[in-house]
Amino acid sequence: MHERTQRAMARLMFVLCCALPTAMTVSVILFTKTPWYYQRCLAEIEAELSDETGLIVRIDDFRRSTPSSLCLSGVSLLDPETEAEIARVHQIDWARKHDEIVFVLRQPELQSAELRHVYRLIHDRFLCRPDQTRVPVRVLANDLTIHSRTGPLTLLDIDANVTPQARRTVVNVVGVLAERHVTAPIKLHFTRDRREEVPTTTWILDAPGTALPCSALAECFPIMHSLGADATFAGVITYSEQPDGGASLDLSGSRFSQVELSRLFETLPHKLTGTADLELVRCLVGPDGTLIDFSGQFYARSGLLGGSLLSSLSQNLNLMVPAQWVGSTMRELNYDRIAVSINIRGEELELTGICNNERSGEYLPKGTMLSAGGEPLVLTSEEPMPVIQLVNAFSPSHSVLVPLSEQTSVLARFFKAPSRVRDYDQDSTPHIISAAPPTGGPQIKQR
């Protein structure tokens, strides 16, 4: 080959193998640094995450250091209808390591009122889709804060593991409250079981040694709001969804403390104040919302009890009270303590006063349910009664009698109960207009 041809071939090879690839590489690097390319990639990531979660996802910044890792900054999740903020995360680090996916959430913040969306996101978009849980997933979060009207609740060092198994997905979450005196971890266990014809979901909250503030969930579950700002929960909750669409709830072994009775009774016609604790030995709620089995102890201290409530309890729950309080509705009583054991089995209710079992109350007679001024005031009987009597005891004076049974309980839910006393003329008899006689003539008005 001629020397000139060799030089031409060398120049061509330099251009094709060195100069051109280098120029293309530099061009691509410069192209990826342009603002509009950055915005396009950011919009694609937001759109992909929005499709996956069903929420509006907004991201302030992103960085992809390697093909198998991604860093997102300033991530916000919004409700697609109201655009209310559900959650915000300062930074999310995603990485695929061998056969596991790892998420690191830094300073995530949740809104208490939007926790239902978070649960649906985890349940519907993650646990119920086997294609999203083909490989194990680990989620680490530090300083998780739940914001509510009563103040923030912070959890430290949360570790969640999603493990796919044969025909089911298991999620285990462990965290610790950001309180100096709290060392016991909080455990949350999810199971999505597909082994039956209809898949079911079961979750268990295990916090036996930690007092969780109920107010943090009050905006999501209104019943928590009625327990007061200082109420706490400790124990185990088991929630199981049934194939027919219902859900059963098991609170056995749990305890509610520092319940504010004035808040709990603010919608009831009777007055009761003080601070109460409720210890649940057994508490099982069926899929239809009925209380199947219940056993527990109720304790209240240093409060005010209305005379109407005391009178109603004596009439409906077979309690023994002094004669001067029977039928009384105006007077109020300062009590020292209330302690009663409650047992519900199906349709039967049993009440047993246990004030004599408390410290400094050993001198009280057996069966004392309420003491005032150091003296026993209300005693329970050992006779079982229909559990519906408990409803009658807390009903207002203008409530109406309804023939309630298993056959009519569903029908009763469709009709509104009276909210006040109506003015009826008890002395007047109804006016009846008779039909016209067959032969014609005026109508006859009977009284």
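Look up a bit, the structure's there.
Along each chain, the written sequence defines residue order, and numbers are assigned to residues from 1. For this predicted model, a pLDDT threshold of at least 70 governs which residues receive local features, and a threshold of 80 or more governs which side-chain atom pairs are given and counted, while totals over whole chains, interfaces and linings are taken from all residues. Excluded from the side-chain calculation are hydrogens and water; included are all heavy atoms of the structure.

Peer 1: Could you clarify how one ought to interpret the pattern of salt bridges in this entry?
Peer 2: Should the charged atoms of two oppositely charged side chains come close, the side chains can pair. Any Lys or Arg side-chain nitrogen located within 4 Å of an Asp or Glu carboxyl oxygen qualifies as a salt bridge. Scanning the entire structure with this criterion turns up 16 salt bridges. Linking E44 and R40 is a salt bridge whose minimum nitrogen-to-oxygen distance equals 3.5 Å. Placement of both E44 and R40 in helix α2 (residues 35-53) is noted, with a separation of 4 residues, approximately one turn of the helix. Note that R255 and E279 form a salt bridge whose closest N and O atoms lie 1.9 Å from each other. Of this pair, R255 sits in strand β13 (residues 255-260) while E279 is found in strand β14 (residues 275-285), placing the two residues 24 residues apart along the sequence. Relative accessibility under 20% of the residue-type maximum defines a buried residue, over 50% an exposed one, and the middle range a partly exposed one, all with a 1.4 Å probe and only protein chains included. Residue classification places R255 among the partly exposed positions, given a relative accessible area of 28%. Salt bridges linked by common partners bring R255, D277, E279 and R301 together as one network. A helix here means a DSSP run of H or I that spans at least four residues, while a strand means a run of E at least two residues long, and both kinds are numbered starting from the N terminus.

Peer 1: How should I be thinking about α2 in this particular structure?
Peer 2: Since there are 3.6 residues in each turn of an α-helix, residues three or four apart along the chain are aligned in direction. Take the number of residues in a helix, subtract one, and multiply by 1.5 Å to get its expected span. Over its 19 residues, α2 runs 27 Å from end to end, which matches the ideal 27 Å to within 8%, given 1.5 Å per residue. Listing the buried residues of α2 in full gives C41, L42, I45, E46, S50 and T53. It only takes one pair of heavy atoms within 4.5 Å for two residues to be counted as in contact. For α2, the elements touching its buried residues are β1 (56-63), β2 (69-78) and α3 (115-127). Once α2 finishes, G54 follows within two positions and takes phi at roughly 75°, a positive value.

Peer 1: Hey, could you run me through α3 in this one?
Peer 2: The terminal C-alpha atoms of α3, which comprises 13 residues, lie 17 Å apart, in line with the 18 Å expected from a rise of 1.5 Å per residue. All buried positions along α3 are accounted for by L115, V118, H123 and L127. Buried positions in α3, seen along its axis, are confined to an arc of 120° and lie on one side of it. Directions drawn from the helix axis to the C-beta atoms are what define this arc.

Peer 1: Help me understand the pairing of β2, please; the structure alone is not making it clear to me.
Peer 2: Moving residue by residue along a regular strand, the side chains alternate between the two faces of the sheet. Most of β2 sits inside the fold, with 10 of its 10 residues counted as buried. Note: β1 against β2, 7 bridges, orientation antiparallel. Its bridge partner being in β2, F62 is matched across the sheet by L72. Between the end of β1 and the start of β2, which pair antiparallel, lie 5 residues. Criterion used throughout: strands pair if DSSP finds at least two bridges between them. With 9 bridges joining them, β2 and strand β3 (residues 85-97) adopt antiparallel strand pairing. The residue bridging L78 from the neighbouring strand is E85, located in β3. The antiparallel pairing of β2 with β3 creates a hairpin that spans 6 residues between the two strands, and E83 there sits at a positive phi of about 60°.

Peer 1: Help me understand the side chain of N343, please; the structure alone is not making it clear to me.
Peer 2: Summarising the element assignment, N343 is placed in strand β16 (residues 332-345). Polar contacts, as counted here, are pairs of nitrogen or oxygen atoms within 3.5 Å of one another; within protein the pair requires one atom able to donate a hydrogen and one able to accept it, and residues that are adjacent in sequence qualify only if both atoms are side-chain atoms. Of note is the side chain of N343, whose polar atom sits 2.8 Å from the side chain of S295. In this structure, N343 is in contact with R282, F294, S295, E348, L349 and E350, ignoring residues within four places of it in sequence.

Peer 1: Explanation requested: the side chain of S341 in the structure shown.
Peer 2: Take S341: it is sitting in strand β16. The exposure class assigned to S341 is buried, which follows from its relative accessible area of 11%. Non-local contacts of S341, meaning those with residues more than four positions away in its chain, are made with G296, Q297, E350, L351, T352 and I354.

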